[in-house]
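A closer look at the structure
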Amino acid sequence: MKFWFITGSQFLYGEETLRQVEADSKIIVEGLKLPFTVEYKITAKTEAEIEKVMREANYDDECAGVITFCHTFSPSKMWINGLALLQKPWLHFHTQFNESIPNEEIDMDYMNLHQSAHGDREHGFIGARLRMPRAVVAGYWKDPAVQAKIADWQRAAVGTIFSKSLKIVRFGDNMREVAVTEGDKIEAQLRLGWQVNTWAVGDLVKEMDAVTDAEIDALMKEYAELYDFDEKDTECIRYQAREELGIERILVHEGAKAFSNTFEDLWGMDQLPGLATQHLMYKGYGFGAEGDWKTAGLGAVIKAMYPDGHSSFMEDYTYDYKQELILGAHMLEVDPRIAADRPRIEVHHLGIGKKKDPARIVFEGMEGKAKALSLIDIGGRFRLIAQDITCVKPFQTMPNLPVARTMWRPEPSFLEGLECWIIAGGAHHTVLSYDITDQTVRDFTRIMGIELVTIDSSTTVTGLERDLKLGDVIYGR
Ligand code: MN
């Protein structure tokens, strides 16, 4: 994906100034060290030029968003038609070619050239007047902290483009009677772009049966490179490989990047997919258990933002009130991308699902700052809840819990963090991400037009309750 850089100007200052504006813009673009390429497109001087470049941005599949900057003044009425057409994410970069005011050099000509303080205010007004969702980043373009903000926005923008074409395959329906994993799939497609549809488990079993021994051999080599395991478990692990290859065939065939399944519908399958699901997440697929297609979709979007990042499907399981920690795990399905050390494949009994003992990847999660993210359908809108957490090394060995697990403490404090999460309606399923930043979460939800509830060190229970009531006013209940 690429981003287009569009400089605003006008004919008022003459050809020489416009040449300078273009040359300076290209230097700025070359100086941006970002995760995704930025391409200088045009110094726009007329309504027709602006409308044309915005149309082209919409139709170019590689264009993930536009960055605008007004080196000079650029009267904003000529931007209205173009901006009204724009369907890609927009960042208004409020920068200036020179960092300082040169005492001797400055005169009226200099000011007419270097007047983003003036031109970008006109540009900002039209963004506000059009009520357009946009990110605004202010600062000198060489400043790494300023560039980091643009990088955060780029991740969000790439996530939204990915989201708009995301397909999610559901094997089996929602876990019976569970509420939080339900949701409006039509609203999800309208708002987030997600196509959420179901595939028969019987058809999955047919695909599994068609997997060859040679394909399983190749995947077993991949497992051996990444994970330790005992020879005695080989047969059981090979069955998980068969499940993984069957699931992936359907995902590839459907062009899907996320899936859900449920232990209540494993018809014709010998094991709950544990290792199979974990390794599919490792490869970049989003996953949600018990029919949770919303967490599956969110997981896939975050993986698209950070292709080699550290994130996983997660579930809040049990508390230690004394140590003030949440134990997070799942029956089996946690992504080895968050493992602190080299993971191990093990085979153990699993009571739920009434199937054979499944192979699963076992490890402890990484230490460090992270976020727990939950996407819920609160009725009439989607709410993304993002809570800051600190992951720690589990303080117990828990020898009878052979699953991937991690422990964390939520912000603003353990108990207030729990209260805030419960008040906001956050699910027991989350995406745990060590990568995603406050700004990327904010940019993503702004572009998508969904509600954002953040819980961080500055959150109070009373403030949160007020914000939720405001949300009901803004979005309707
Ligand atoms: Mn679950």
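Structure first, text after, so check above.
The structure contained in this document is the topic of the report that follows.

The rules behind these values
Residues numbered from 1 in each chain as written. Predicted model: local features only at pLDDT ≥ 70, side-chain atom pairs only at ≥ 80, totals over all residues. Heavy atoms only, no water. Donors = N, O, S within 2.8 Å, 3.2 Å for Na, K, Ca; no water. Helix = DSSP H or I, 4+ residues; strand = E, 2+ residues; numbered from the N terminus. Buried < 20%, exposed > 50% of the residue type's maximum accessible area, 1.4 Å probe, protein only. Expected span 1.5 Å × (residues − 1). Arc of directions from axis to C-beta. Contact = heavy atoms within 4.5 Å. Phe/Tyr/Trp six-rings, centres within 6.5 Å; stacked < 30°, edge-to-face > 60°. Lys NZ or Arg CZ within 6 Å of the ring centre and 35° of its normal. Salt bridge = Lys/Arg side-chain N within 4 Å of Asp/Glu carboxyl O. Patch = residues over 30% accessible without salt bridge, like charges linked within 9 Å, V, L, I, M, F, W, Y side chains within 5 Å. Areas by Shrake-Rupley, 256 points an atom, 1.4 Å probe, with all protein chains shown as cover. Lys, Arg positive; Asp, Glu negative; His and termini not counted. Charge placed at Lys NZ, Arg CZ, Asp CG, Glu CD. Polar contact = N/O pair within 3.5 Å; in protein donor to acceptor, adjacent residues only side chain to side chain.

**A closer look at the coordination of the manganese ion**
Taken together, the protein ligands of the manganese ion are Glu290 (OE), Glu315 (OE), His330 (NE2) and His429 (NE2), with distances of 2.1 to 2.2 Å. All donors to the manganese ion come from one chain, and their sequence spacing reads E-x24-E-x14-H-x98-H. Here glutamate 290, found in the loop between strand E9 (286-288) and helix H12 (293-305), pairs with histidine 330, found in the loop between strand E11 (325-329) and strand E12 (344-347); they are 40 residues apart in sequence, far enough to count as distant. Classification of histidine 330 by relative accessible area gives buried; the value is 3%.

**Topic: helix H15 (residues 461-475)**
The end-to-end C-alpha distance of H15, which contains 15 residues, comes to 21 Å, matching closely the 21 Å that a straight helix rising 1.5 Å per residue would cover. Listing the buried residues of H15 in full gives Val461, Gly463, Leu464, Leu468 and Gly471. Within H15, the buried residues cover an arc of 155° as seen down the axis, which keeps them to one side. When the buried face of H15 is taken as reference, the exposed residues oriented beyond 90 degrees from it are Thr462, Arg466, Lys469 and Val473. Looking at the buried residues of H15, the elements they touch are strand E15 (382-392), helix H13 (414-424) and strand E18 (451-455). Following H15 by one or two positions, glycine 476 has its phi on the positive side, about 85°.

**Some remarks on the packing of aromatic side chains**
The full count for this structure, using the stated rule, is 12 aromatic pairs. Site record: aromatic cluster; members linked through ring pairs are Phe171, Phe259, Phe287 and Phe313. The ring of tryptophan 4 has lysine 41 lying over it, and the distance from NZ or CZ to the ring centre is 4.2 Å. A cation over a ring is seen here: arginine 337 above tyrosine 282, with NZ or CZ 4.0 Å from the ring centre.

**Observations regarding the pattern of salt bridges**
Enumeration over the complete set of coordinates arrives at 30 salt bridges. The partner of glutamate 56 in a salt bridge is lysine 52, and the shortest N-O contact between them spans 2.9 Å. With glutamate 56 and lysine 52 both in helix H2 (residues 47-59) and 4 residues apart, this pair spans about one turn of that helix. Between lysine 371 and aspartate 388 there is a salt bridge, with its nearest N and O atoms 2.5 Å apart. One end of the pair, lysine 371, is in strand E14 (residues 368-377); the other, aspartate 388, is in strand E15, and 17 residues separate them in sequence. Since its relative accessible area comes to 6%, lysine 371 is described here as buried. Among the charged side chains, a network of salt bridges with common partners joins Asp230, Lys232, Asp233, Arg344 and Glu346.

**Some points on a negative patch on the surface**
Together, Glu16, Glu105, Asp107 and Asp109 give the surface a local cluster of negative charge. By the secondary structure assignment, glutamate 105 is in the loop between strand E4 (90-94) and helix H4 (108-113).

**A short note on the side chain of lysine 88**
The residue lysine 88 is located in the loop between helix H3 (80-85) and E4 in this model. Despite its burial, lysine 88 remains without a salt bridge, the nearest opposite charge being carried by aspartate 61 at 5.7 Å. Within the structure, lysine 88 has its side chain in polar contact with the backbone oxygen of alanine 57 (distance 2.8 Å). A distance of 2.8 Å separates the side chain of lysine 88 from the backbone oxygen of aspartate 60, its partner in a polar contact. If sequence neighbours within four positions are ignored, lysine 88 has contacts with Ala57, Asn58, Asp60, Cys63, Gly65 and Ile161.

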